[in-house]
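Observations on chain architecture
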Amino acid sequence: MSHIVTNYDGGITAAPRAFVQPTCVEEIQAILRDRKQYPSPVRAMGSYHSLTPCASSNGTMVSMARLNRVVNIDRERMLLTAEAGIHVIDASKALRAQGLQFRLNIEIGNMTLGSAACCHSKDALDGVEYGQFGSYLWGMKWVDPSGELREANEDENPDLLRFMRASHGLSGIVVEVTFHIEPEEGAELTYLPRPVSDLTADEVNGIIDRSEGLICWTVRRTSVFQTKKRIDRPGMFATVSAEIRHKLWNYLVAYTARNIEEEVPEDMRKGAMDADFSLIKSLYELLHRMGGITIHDADKTIDYRDTEPDARYVFTFWSFPRAEWLRVLREYLDFADLYFQKHGFRCNMPLGSYYIRRDDKSLLSYSADGDTFSIDPIHAPTDRDAWNRYLDAFNEFAFQRGGTPLLNQSPRLTRAHVQAAYGERWNDFSARVRAADPEGRMLNPFFAELLAEAE
Ligand SMILES: Cc1cc2nc3c(=O)[nH]c(=O)nc-3n(C[C@H](O)[C@H](O)[C@H](O)COP(=O)(O)OP(=O)(O)OC[C@H]3O[C@@H](n4cnc5c(N)ncnc54)[C@H](O)[C@@H]3O)c2cc1C
């Protein structure tokens, strides 16, 4: 009988004929070489926190869960080396025990470092330099589709590393990664609420230019600019502040939204949702008046392992050139209102926007051409079909405006979307994937439908 694999939010399931949890590199080599016992496509799986079926296979799925050790922390070169199945949060704890932290303390603690090394990712609050986790990768080892152990790093073969940073498990299974690290630091988070109607391009530019790290949360028609500044040491309430922040955003907001949709009678639901959004807005205003909070920077990373199904949420992500963000945001808000009038559906959580600086470290970097700012609808779904229909409409909206999606975090993509977004780089990427894996050992239907046609 097939093993059933389900992603974090329960929206994606797969039934691979073989499901394996190797404990060493040699086992992974044997899996890739044995096509009979381990049918194609072979897909590596981290903790399946992706929003697209990128890790799914009806052939073989290789869970990296048992390859989860820290191999070395090199304080002199400021590098952490670990097995690819370790979660960011667990590696972060090992670093903090030595007064160290990642360069990008990403919010998602359950992304595995293997996925972080070879997939799209985003974190705006620590994006002082880069906002993509893989950009801080010094080097990696992987087992290629024919079972050979390969290696690339910044010093020896940077071009291969640039391709591997985008490889999404299509060019082999990452087994070991080495990331740049730094001494632990504090973070000051401040909040500036502004009515969207009052915003000007100059004001947004000023906010961006003054920020080290920036996320914008739009609650109905109010945008709250959350900025981060590095500080040496956070205040005495840092740990409590981080705990409250986790509980509110990563539990209560999704939990309340879902329960309003499920429990409140239909005629009172709109009022209850309006009240919920007003409460969230008031909270941001309070944080603004308090002057923000300080926390340990690494406490931004959240462990979602114990989050109850009721408090889980989904999202999508499309980025836009910095200069176009305000216009696209306004058009998005109109699009969302119109969609609600027509179809009775709207997202029940605030809209996220990540500011990500120019970065060309990966062949598929979404900020390769310049700074980007995203539009990310976030939702605690009670009706999957309604969310999927909204995603299709939103994808069309974002595609029409020249947006760029992520392969693991923007559901329901088509070849036209990725081809338009990544242009010539998509052709290059597709050709390199085919060259690395000519027999399609690792190519699942999800990627087969997206890759550019072979020439
Ligand atoms: C609640 C929630 C919050 C999130 N917040 C963020 C966020 O703040 N920032 C962000 O960037 N993302 C965020 N995400 C998205 C998530 O981090 C990414 O989708 C990430 O890729 C998931 O990592 P994973 O280890 O679960 O990989 P999986 O989802 O299991 O796999 C992702 C892809 O990587 C490949 N892969 C995995 N491991 C390996 C390996 N060892 N070798 C080769 N290929 C491999 C898989 O085949 C697949 O193609 C969030 C997701 C959720 C559900």
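No experiment lies behind these values; they were computed from the predicted model shown. (Residues numbered from 1 in each chain as written. Predicted model: local features only at pLDDT ≥ 70, side-chain atom pairs only at ≥ 80, totals over all residues.)

Overview of the overall build of the chain
Here is the rule: For the purposes of this entry, the term helix denotes a DSSP run of H or I that reaches at least four residues, the term strand denotes a run of E that reaches at least two, and both are numbered from the N terminus. Just to be clear, the radius of gyration here is over C-alpha atoms, and the globule rule we use is 2.2 Å times residues to the power 0.38. Using C-beta atoms placed from the backbone, we call a residue buried if 20 or more other C-beta atoms fall within 10 Å of its own, exposed if 12 or fewer do, and partly exposed for counts in between.
Secondary structure summary: the chain contains twelve helices and 21 strands in total. Taking 455 residues into account, the globule formula puts the C-alpha radius of gyration at 23 Å, and the chain, at 21 Å, falls close to it. Each principal axis of the C-alpha atoms in the chain carries an extent, and together these give about 60 × 50 × 40 Å. Put simply, the chain has 455 residues, and 46% of those count as buried.

Regarding the domain arrangement of the chain
To keep things clear, this is the line we draw: Residue ranges for the domains originate in an automatic or database domain assignment. Two residues qualify as being in contact provided that their C-beta atoms, derived from the backbone, are within 7 Å of each other. The residue classification treats Ala, Val, Leu, Ile, Met, Phe, Trp, Tyr, Cys and Pro as nonpolar and Asp, Glu, Lys and Arg as charged. All others, Gly included, are polar.
Looking at the chain, the domain boundaries give domain 1 (5-64), domain 2 (70-183) and domain 3 (186-414). For domain 2 and domain 3, the distance between their C-alpha centres works out to 25 Å. Of the residues lining the interface, 29 residues belong to domain 2; the matching set on domain 3 comes to 29 residues. Per element, the largest residue contribution to the side of domain 2 that touches domain 3 is four residues, and it comes from helix α2 (residues 88-96). Looking at the side of domain 2 that touches domain 3 residue by residue, the classes come out as ten nonpolar, twelve polar and seven charged.

Here's the deal with the environment of N205
Locating N205 in the fold gives a position in helix α5 (residues 201-210). Along the primary structure N205 and T372 are separated by 167 residues, whereas in three dimensions their C-alpha atoms are 12 Å apart.

Here we look at the sheet that holds strand β18 (residues 351-356)
Strand pairing in a sheet takes place through backbone hydrogen bonds and is either antiparallel or parallel in direction. We count it as follows: A pair of strands counts as paired when DSSP detects no fewer than two bridges linking them.
The sheet built from eight strands is open, its strands ordered β15-β12-β14-β13-β18-β19-β17-β21 with antiparallel pairing. Both edges of this open sheet fall to β15 (293-296) and β21 (404-405), since each of them pairs with a single strand only. Note that strand β17 (residues 318-321) and strand β19 (residues 372-375) share four bridges and pair antiparallel. Opposite W318, over in β19, you have I375 as the bridge partner.

Considerations on the nonpolar core
As a reminder, the rule being used: Nonpolar cores are identified as sets of buried Ala, Val, Leu, Ile, Met, Phe, Trp, Tyr and Cys residues joined via C-beta atoms within 7 Å.
Counting residues in hydrophobic clusters, the biggest one holds 109 residues, and the most contacted among them are V62, L113, V174 and V177. Looking at this core, the element that brings in the most residues is strand β11 (residues 173-183), giving six residues. Beyond its immediate sequence surroundings of up to four residues, V62 is in contact with V20, P22, I28, I31, V42, R43, A44, M45 and I173. Membership of the second largest hydrophobic core comes to five residues, among which are A187, L189, A242 and I295.

Some thoughts on the pairing of strand β5 (residues 60-63)
Residues T60 and V62 point to one face of β5 and M61 and S63 to the other, with burial holding for every one of them. In the sheet, strand β3 (residues 18-20) pairs with β5 via three bridges, with the strands oriented parallel. Counterpart to F19 in the pairing with β5 is M61.

Examining helix α9 (residues 384-400)
Basically, it comes down to this: For a helix, the expected span equals 1.5 Å multiplied by the residue count minus one. By arc we mean the arc of the directions from the helix axis to the C-beta atoms, nothing more.
Counted at 1.5 Å a residue, the expected span for α9 with its 17 residues is 24 Å, and the 24 Å between its end C-alpha atoms agrees. Within α9, burial applies to W387, Y390, F394, N395 and A398. Seen from one end, α9 has its buried residues packed into an arc of 145 degrees, which puts them on one side. Facing away from the buried surface of α9 by more than 90 degrees, the exposed residues are D385 and Q400.

Observations regarding the environment of E151
Its location among the elements puts E151 in strand β10 (residues 149-153). Judged by local crowding, E151 falls into the partly exposed class, with 14 C-beta atoms found within 10 Å. A C-alpha to C-alpha distance of 4.4 Å links E151 and K141, two positions ten residues apart in sequence.

Looking at the packing of helix α6 (residues 238-263) against helix α7 (residues 266-290)
Under the convention used in this document: Structural elements are reduced to axes, namely lines fitted to C-alpha atoms, with helices fitted over the stretch in contact, and the angle between N-to-C directions of any two is expressed from 0 to 180 degrees. For classification purposes, an angle smaller than 35 degrees is called roughly parallel, one larger than 145 roughly antiparallel, one from 65 to 115 roughly perpendicular, and anything else oblique. Left-handed describes a crossing whose near helix is turned anticlockwise from the far helix through less than a right angle; right-handed describes the clockwise counterpart.
Direction vectors running N to C along α6 and α7 enclose 165 degrees, while the axes themselves pass 9 Å from each other. By the angle class used here, α6 and α7 are roughly antiparallel. When the axes of α6 and α7 are compared, the crossing they make is right-handed. Two secondary-structure elements touch here, α6 through V253, T256, A257, I260 and E261 and α7 through R269, A272, M273, D276 and I280.

Structural notes on α6
Threshold: Note on bend: at a given residue it equals the angle between the axes fitted to the 7 residues ending there and to the 7 starting there.
With 26 residues, α6 extends 35 Å between its outermost C-alpha atoms, agreeing within 8% with the 38 Å of an ideal straight helix rising 1.5 Å per residue. Helix geometry: α6 is bent most strongly at L252, by close to 40 degrees. Among all positions in α6, only A242, V253, A254, T256, A257, R258 and I260 are buried. Taken together, the buried residues of α6 touch α7 and β15.

Observations concerning the sheet that holds β5
The three strands lie next to each other as β3-β5-β4, forming an open sheet whose pairing is parallel. Among the strands making up the open sheet, the edge pair consists of β3 and β4 (42-45). Between one strand and the next, the sheet's axes are offset by a mean angle of 20 degrees, whatever the strand orientation.

Structural notes on unusual backbone geometry
Of all residues except glycine, most have a negative phi; of all peptide bonds, most are trans. At the junction of S40 and P41, the peptide bond is cis and its omega measures out at -10 degrees in the coordinates. Relative to the helices and strands, P41 is located in the loop between α1 (25-33) and β4. Its identity as a non-glycine residue notwithstanding, M78 has a phi of 50 degrees, on the positive side. Here M78 lies in the loop between β6 (70-74) and β7 (79-83).

Focus: the environment of F315
Mapping F315 onto the fold places it in strand β16 (residues 314-315). Among the residues examined, F315 registers 17 C-beta atoms within 10 Å and is labelled partly exposed. Residues F315 and A380 lie 65 residues apart in sequence; the distance between their C-alpha atoms is 8.6 Å. Not counting residues up to four positions away in its chain, the partners in contact with F315 are L51, G352, D376, P377 and I378.

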